[in-house]
Amino acid sequence: GDSVTQMEGPVTLSEEAFLTINCTYTATGYPSLFWYVQYPGEGLQLLLKATKADDKGSNKGFEATYRKETTSFHLEKGSVQVSDSAVYFCALTANTGGFKTIFGAGTRLFVKA
Amino acid sequence: GAVVSQHPSRVICKSGTSVKIECRSLDFQATTMFWYRQFPKQSLMLMATSNEGSKATYEQGVEKDKFLINHASLTLSTLTVTSAHPEDSSFYICSATKSGGAGELFFGEGSRLTVL
């Protein structure tokens, strides 16, 4: 079945450091790929998405590129801020007669001032 | 926009009582809503898919008589935890998709249930 694997956390960085959170997937067909973010005590919100190969999603300084050849969707940000501290979930959605979303385990990011 | 509102955000109840959680799509019609459960420091576990006007589809291992889901309108789905016990304490999150989208989910704020 479809699955999403993302790097285990927690990841601890200093402010202004470069961030990479790795995400790989297995899927039949051509899923859409997403990154969701969950701030402490809150529900999840969409951070960015890509719907086909080579698409780059971006938002709030974060970027991820849909790489079909490596089945990856790594999240990057050039300079993190304390306010980026959160849990990040990589996910894929396949349309198999109805949308079904598979989530990765989540990666907790701590950014120190 | 695509706003999903969930209520209540926190609820504490006694063991054996039932608790209802509401999930509303405020500015769009959601033919499908999803209910998730999240344990501390863990990912989301899909409990069920709720389709307007029909019975919910439950994931394997989720007791349908324990977690009653009703999707009576295009903007409202409810989850009722019946005869709650302490092991039902958790963070419950609903989400919805918009028709014509790429399947991105719009989430409610989550409801933290504590059963004493």
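Residues numbered from 1 in each chain as written. Chains lettered and ligands numbered in written order. Predicted model: local features only at pLDDT ≥ 70, side-chain atom pairs only at ≥ 80, totals over all residues. Heavy atoms only, no water.

**Student:** So, the overall build of chain A: which residues are in play, and what are the values?
**Tutor:** Of regular secondary structure, chain A possesses zero helices and twelve strands. Counted from the first residue to the last, chain A has its helices and strands arranged as β-β-β-β-β-β-β-β-β-β-β-β. For a compact globule of 113 residues, the expected C-alpha radius of gyration is about 13 Å, and chain A comes in at 14 Å, within 12% of that figure. By its C-alpha atoms, chain A is 45 × 30 × 20 Å across when sized along the principal axes. (Helix = DSSP H or I, 4+ residues; strand = E, 2+ residues; numbered from the N terminus. Rg over C-alpha atoms; globule rule 2.2 N^0.38 Å.)

**Student:** Help me get a handle on the interface of chain A and chain B, residues and values and all.
**Tutor:** Each side of the interface is counted separately: chain A has 19 residues, and chain B has 19 residues. Between chain A and chain B, roughly 1500 Å² of surface is buried when both sides are summed, and carbon and sulfur atoms account for 58% of that area. Glu59 of chain B is the salt-bridge partner of Lys100 of chain A, the closest N and O atoms lying 3.5 Å from each other. On inspection of chain A and its partner chain B, the count reaches six residue pairs in polar contact (both at pLDDT 80 or more). For the side of chain A that touches chain B, the secondary-structure elements that each account for two or more residues are β5 (32-38), β6 (44-50), β10 (86-95) and β11 (99-103) of chain A. Residues that form the side of chain A that touches chain B fall into these classes: eight nonpolar, seven polar and four charged. (Contact = heavy atoms within 4.5 Å. Buried area = accessible area lost by both parts, 1.4 Å probe. Salt bridge = Lys/Arg side-chain N within 4 Å of Asp/Glu carboxyl O. Polar contact = N/O pair within 3.5 Å; in protein donor to acceptor, adjacent residues only side chain to side chain. Nonpolar A, V, L, I, M, F, W, Y, C, P; charged D, E, K, R; others polar.)

**Student:** How would you explain the environment of Ala30 of chain B if you had to name every residue and give the values?
**Tutor:** All names here are of chain B. Within the secondary structure layout, Ala30 lies in the loop between β3 (19-25) and β4 (32-38). As a C-alpha pair, Ala30 and Lys98 span 68 residues in sequence and 6.1 Å in three-dimensional space. Ignoring sequence-local partners within four residues, the contact set of Ala30 consists of Ser25, His71, Leu74, Ala96 and Thr97.

**Student:** Give a detailed account of the packing of aromatic side chains, specifying residues and quantitative values.
**Tutor:** For the coordinates displayed, the defined rule picks out eleven aromatic pairs over all chains. An aromatic cluster of at least three residues, connected via ring pairs, comprises Phe34, Tyr36, Phe89 and Phe103 of chain A together with Tyr36 and Phe107 of chain B. (Phe/Tyr/Trp six-rings, centres within 6.5 Å; stacked < 30°, edge-to-face > 60°.)

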